[in-house]
Amino acid sequence: MRKVNRENGPIDIPLSCSFFLEPALVRFAPCVANMTQETLDFIHQWNIALLSVVNDPRNRNLLGYLGKRISIGINRYSDFGERCVNSGGDMTSWSLHYAIRFAESLDFLAKKQRTQSDIKFVDMGCGLSPMAAVAKNEYKISDAYCIDTEPLITDVYGQTIQTMGVSEPVFLDWAAVTDMAPKNQINTIIGMGVFPYMSTEEQLAHFKFIYEHISNFLIEIKYNPNPNRKIKNSFTLQSLVDIGLDVENVDSLETAIMRNSVRYLHRFRRLLPDARRFVAGDRSLFLSR
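Residues numbered from 1 in each chain as written. Predicted model: local features only at pLDDT ≥ 70, side-chain atom pairs only at ≥ 80, totals over all residues. Heavy atoms only, no water.

Caption draft 1: The overall build of the protein, seen in detail. Check the secondary structure of the protein and you find 12 helices and six strands. Across the 289 residues that make up the protein, the buried fraction comes to 52%. Residue pairs at least 24 apart in sequence account for 77% of intrachain contacts in the protein once pairs closer than 6 positions are excluded. In the structure as shown, the protein presents an accessible area of about 14500 Å², 51% of it carried by carbon and sulfur atoms. (Helix = DSSP H or I, 4+ residues; strand = E, 2+ residues; numbered from the N terminus. Buried < 20%, exposed > 50% of the residue type's maximum accessible area, 1.4 Å probe, protein only. Contact = heavy atoms within 4.5 Å. Areas by Shrake-Rupley, 256 points an atom, 1.4 Å probe, with all protein chains shown as cover.)

See the structure below:
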């Protein structure tokens, strides 16, 4: 019997974040920040272009086990994304998390644009999310940048942009950010789902630079509500206090995120008997300015 390789590839999880974002934003619209129809249309066209990129025979070796399953499902069933988001399993929980991250990030950018015309924005740990592409093409933020350390993601992102025929955000590395930010060439940073992959020491080094040199930020970290448990790369309340990070709801954005969290967790608990498992360990905490 042939053994199935169940190892995921480097773009598999980012692929799921993008493909399941669209049905998640539709399903959970009452629970997330408002999304314009133009942005929803952009995401739809992005996913069509992304699918054509991963379907290209030249890219057949890009996908691991999960990526291949997603690609096959979407190619076979027009409502595959909706089926997964509505499955009632882990994908329902994760897809809502994708939707919250994306919608709140764009809402954050929109609010900053109302008071600051020269937004110079970087999406740190962009993956295959179209957020920076939306910012550049829909929000008309000409100085829109991306950071991702995985070369395959950078390549697929670029191919997707070219297939869509829209303007591409510029890819940078962290060293470029540390050079540009003190010169006010970057003044806004969003980091969703990237910091928990760093050690807490590395996260703190990034936070220190961001706090000193970048005026606008929205950063997701992992918060461990039980200090007796060891959760990798997460922060307890005491550790946050010790390093002087403010965990209060410092502005309306964080208040909105907390309010949305209550709503979507209530929905999970109604839909899924084990919904508490999704937030039983580490939880997302959003720090912003």
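Caption draft 2: Main features of the packing of aromatic side chains. Overall, the coordinates contain eight aromatic pairs when judged by the stated rule. Taken together, a centroid distance of 6.3 Å and an interplanar angle of 40° make the contact between Phe20 and Phe80 tilted. Remark: Phe80 occurs in helix H5 (residues 80-85) and Phe20 occurs in the loop between helix H1 (12-19) and helix H2 (21-27); sequence separation between them is 60 residues. Overall, Phe20 belongs to the buried group, its relative accessible area being 3%. With a centroid separation of 5.2 Å and 40° between ring planes, the pair formed by Phe195 and Phe207 is classed as tilted. Linking Phe195 in the loop between strand E4 (188-191) and helix H10 (200-213) with Phe207 in helix H10, this pair joins segments that are 12 residues apart in sequence. Overall, the relative accessible area of 2% leaves Phe207 in the buried class. An aromatic cluster is defined as three or more aromatic residues linked by ring pairs; in this entry it consists of Phe195, Phe207, Tyr211, Phe217 and Phe235. (Phe/Tyr/Trp six-rings, centres within 6.5 Å; stacked < 30°, edge-to-face > 60°.)

Caption draft 3: Geometry of the packing of H1 against helix H4 (residues 65-76). It is the contact of H1 with H4, at a shortest axis distance of 8 Å, that shows an interaxial angle of 30°. If you check the angle between H1 and H4, you find them roughly parallel. Both H1 and H4 take part in a crossing whose hand is left-handed. Contacts between H1 and H4 involve Asp12, Ile13, Leu15, Ser16 and Phe19 from the first element and Tyr65, Leu66, Gly67, Ile70 and Ile74 from the second. (Axes fitted to C-alpha atoms, helices over the stretch in contact; angles between N-to-C directions. Parallel < 35°, antiparallel > 145°, perpendicular 65-115°, else oblique. Left-handed = near helix turned anticlockwise from the far one by under 90°.)

Caption draft 4: Focus on the pattern of salt bridges. Counted according to the given criterion, the structure contains six salt bridges. For Asp79, the salt bridge is made with Arg83, and the minimal N-O distance between the two is 3.1 Å. Residue Asp79 is classed as partly exposed on the basis of its relative accessible area of 33%. A salt bridge links Lys222 to Glu220; the nearest nitrogen and oxygen atoms lie 3.9 Å apart. An identical accessibility class is assigned to Lys222 and Glu220; each is buried. Linked by salt bridges that have partners in common, Arg101, Glu220 and Lys222 make up one network. (Salt bridge = Lys/Arg side-chain N within 4 Å of Asp/Glu carboxyl O.)

Caption draft 5: Just the environment of Ser199, in detail. Inspection of the secondary structure puts Ser199 in the loop between E4 and H10. The class of Ser199 is partly exposed, set by a relative accessible area of 30%. Between the C-alpha atoms of Ser199 and Asn233, which are 34 residues apart in sequence, the distance is 5.1 Å.

Caption draft 6: Molecular detail of the state of the cysteines. Counted under the stated rule, the structure contains zero disulfides. No disulfide involves Cys126; its sulfur sits 4.0 Å from the nearest other cysteine sulfur, which is in Cys146. Here Cys126 falls in the buried class, since its relative accessible area comes to 4%. In this structure Cys146 comes out as buried when scored by relative accessible area, which is 0%. (Disulfide = S-S within 2.5 Å.)

Caption draft 7: Inspection of the environment of Ser95 at higher detail. Considering the arrangement of structural elements, one finds Ser95 in helix H6 (residues 90-115). Given the relative accessible area of 0%, Ser95 is considered buried. When the C-alpha atoms of Ser95 and Phe19 are compared, they prove to be 9.6 Å apart, with 76 residues separating the residues in sequence. The residues touching Ser95, leaving out its near neighbours within four places in the chain, are Phe20, Ala24, Phe28 and Val85.

Caption draft 8: Quick look at H1. Most of H1 sits inside the fold, with six of its eight residues counted as buried. Buried residues along H1 sit in contact with H2, helix H3 (37-55), H4, H6 and helix H8 (151-164).

Caption draft 9: Layout of the sheet that holds strand E1 (residues 120-124). Strands sit in the order E3-E2-E1-E4-E5-E6 across an open sheet of six strands; the sheet is mixed. Both outer strands of the open sheet, strand E3 (170-172) and strand E6 (283-288), are each paired with one neighbouring strand and no more. When the angles between neighbouring strand axes are averaged without regard to direction, this sheet yields 25°. As judged from the three bridges shared by strand E2 (residues 143-147) and E3, these two strands associate in the parallel manner. Bridged to Tyr145 within E3 is Val170. Strands E1, E4, strand E5 (216-223) and E6 of the sheet are contacted by H6, whose axis makes an angle of about 155° with E5. (Pairing = 2+ DSSP bridges.)

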